[in-house]
Amino acid sequence: MPESLLIAEQICKSFGETPVLRDVSFRVAQGEVVCLLGPSGCGKTTLLYIIAGLEQADSGRVLVEGADISTMPVHRRGFGLMFQDWALFPHKNVYDNVAFGLRMAGLPQAQIEARVRAVLEMVGLSQFKGRDVNQLSGGEQQRVALARSLAPRPRLLMLDEPLGSLDRALRERLMNELRDILKQVGQTSLYVTHDQHEAFAIADRVIIMGGGRVLQEGTPIQVYRHPACAEVAQFLGMNNLLLGHVLDTVRGEVQVKTPLGKLGFKLEQQCQIGENVIVLIRPEAATVIPDVGQDCLNELAGTLVSTSFRGDHQLVVVQANQGVRLSFTMEATVSLPSPGQRICLHFESEALMCFPVKQR
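All figures in this text were calculated on a predicted structure; none of them were measured in a lab. (Residues numbered from 1 in each chain as written. Predicted model: local features only at pLDDT ≥ 70, side-chain atom pairs only at ≥ 80, totals over all residues. Heavy atoms only, no water.)

1. Focus on the packing of aromatic side chains
Okay, so step 1: Applying the stated criterion across every chain yields a total of 4 aromatic pairs.
Okay, so step 2: Judged by centre distance (6.3 Å) and plane angle (85 degrees), the rings of Tyr-49 and Phe-83 are edge-to-face. Here Tyr-49, found in helix H1 (residues 44-52), pairs with Phe-83, found in the loop between strand E6 (79-82) and helix H2 (94-104); they are 34 residues apart in sequence, far enough to count as distant.
Okay, so step 3: On the basis of relative accessibility, which here comes to 26%, the residue Tyr-49 falls in the partly exposed class.
Okay, so step 4: Among the residues examined, Phe-83 registers a relative accessible area of 24% and is labelled partly exposed.
Okay, so step 5: Their ring planes at 85 degrees and their centres at 6.3 Å tell us that Phe-200 and Tyr-224 sit as a pair that is edge-to-face. Here Phe-200 is found in helix H6 (residues 196-202), whereas its partner Tyr-224 is found in helix H7 (residues 220-225), with 24 residues between them in sequence.
Okay, so step 6: In this structure, Arg-148 is placed above the aromatic ring of Phe-89, and the distance from its NZ or CZ to the ring centre is 5.3 Å.
Okay, so step 7: When the ring centre of Tyr-224 is taken as origin, the NZ or CZ atom of Arg-282, which lies over that ring, is 4.7 Å away. (Phe/Tyr/Trp six-rings, centres within 6.5 Å; stacked < 30°, edge-to-face > 60°. Helix = DSSP H or I, 4+ residues; strand = E, 2+ residues; numbered from the N terminus. Buried < 20%, exposed > 50% of the residue type's maximum accessible area, 1.4 Å probe, protein only. Lys NZ or Arg CZ within 6 Å of the ring centre and 35° of its normal.)

2. Some details on the packing of H2 against helix H3 (residues 109-122)
Okay, so step 1: Where H2 contacts H3, the axes come no closer than 10 Å and their chain directions differ by 125 degrees. Judged by the inter-axis angle, H2 sits oblique to H3. For the pair H2 and H3, the sense of crossing is right-handed. Contacts between H2 and H3 involve Val-94, Tyr-95, Val-98, Ala-99, Leu-102 and Arg-103 from the first element and Gln-109, Ile-112, Glu-113, Arg-115, Val-116, Val-119 and Leu-120 from the second.
Okay, so step 2: Of the residues belonging to the contact of H2 with H3, the class tally is 9 nonpolar, 1 polar and 3 charged. (Axes fitted to C-alpha atoms, helices over the stretch in contact; angles between N-to-C directions. Parallel < 35°, antiparallel > 145°, perpendicular 65-115°, else oblique. Left-handed = near helix turned anticlockwise from the far one by under 90°. Contact = heavy atoms within 4.5 Å. Nonpolar A, V, L, I, M, F, W, Y, C, P; charged D, E, K, R; others polar.)

Below you can see the structure in the form of structure tokens.
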């Protein structure tokens, strides 16, 4: 892994009697795009502001290239900031918005013109340099804000929900464009969002926060396939969580008694026979089968409650025994019974896992 450009070390912050950040530590490597991902109120924006110098931590340090910058003024950190509302100057055209930071830095006019031309080309707006920013679409304004942030060549670019005000279709398109631009220029970036799809599309690595703490970090694939705890799983939209009781563990496999019957799967976290656990059945775990066998592992007979067509897939809700409701995603081509009728399912063992109860 490349050398760390940014290190956040045991950052703590409270507002009054309310703790917002609790011993938060992480690293961002040179050229890496890292997303702080979590629900509203988890502390991710406060953390961003502390790194930027807009807030002061109660304790902990912020290091850049090994130097402690915790008390360094904002303007000396050499960071770029991009917010959800983009904060473009409405009285300036595209060129002047992008050139603003370069002029403030006192660069010669020739260098300003060359740099503005380069970043506008990078974001696909070369022909818009004389355009009034009020005449631009939301996506075009977002690109101007990105160009303005990139123009001074910041050591670290920090983005706080930069796509949050865009509609879903435009946001989907700009996710890939934004990542391509950041990686093209090798821009080290710290990106804040509550949207997991956005984080997974943009980030090299994701840091999931909850309750002011880091709950898990890893690549998007690692985090999605192997959530560290039930809280992370729920935040990622995996809501099929059941209380279970460990019956047996042998050769890396575990059998758990649940309200649905016995489930068996590969053991990813240590647990003991007799221990209570939280079992996760992933949304993609289920396939439809003709009927269930006698005392078979990972099979369920229930009642189809509803289906919701989503284009390339459908959301399926099943009522199981003891009032348990489960939600699954299935391919749009899968044939299903009518709502209210019996449905039989098999769960792929690779799509099951469990967590200690204490981690919920």
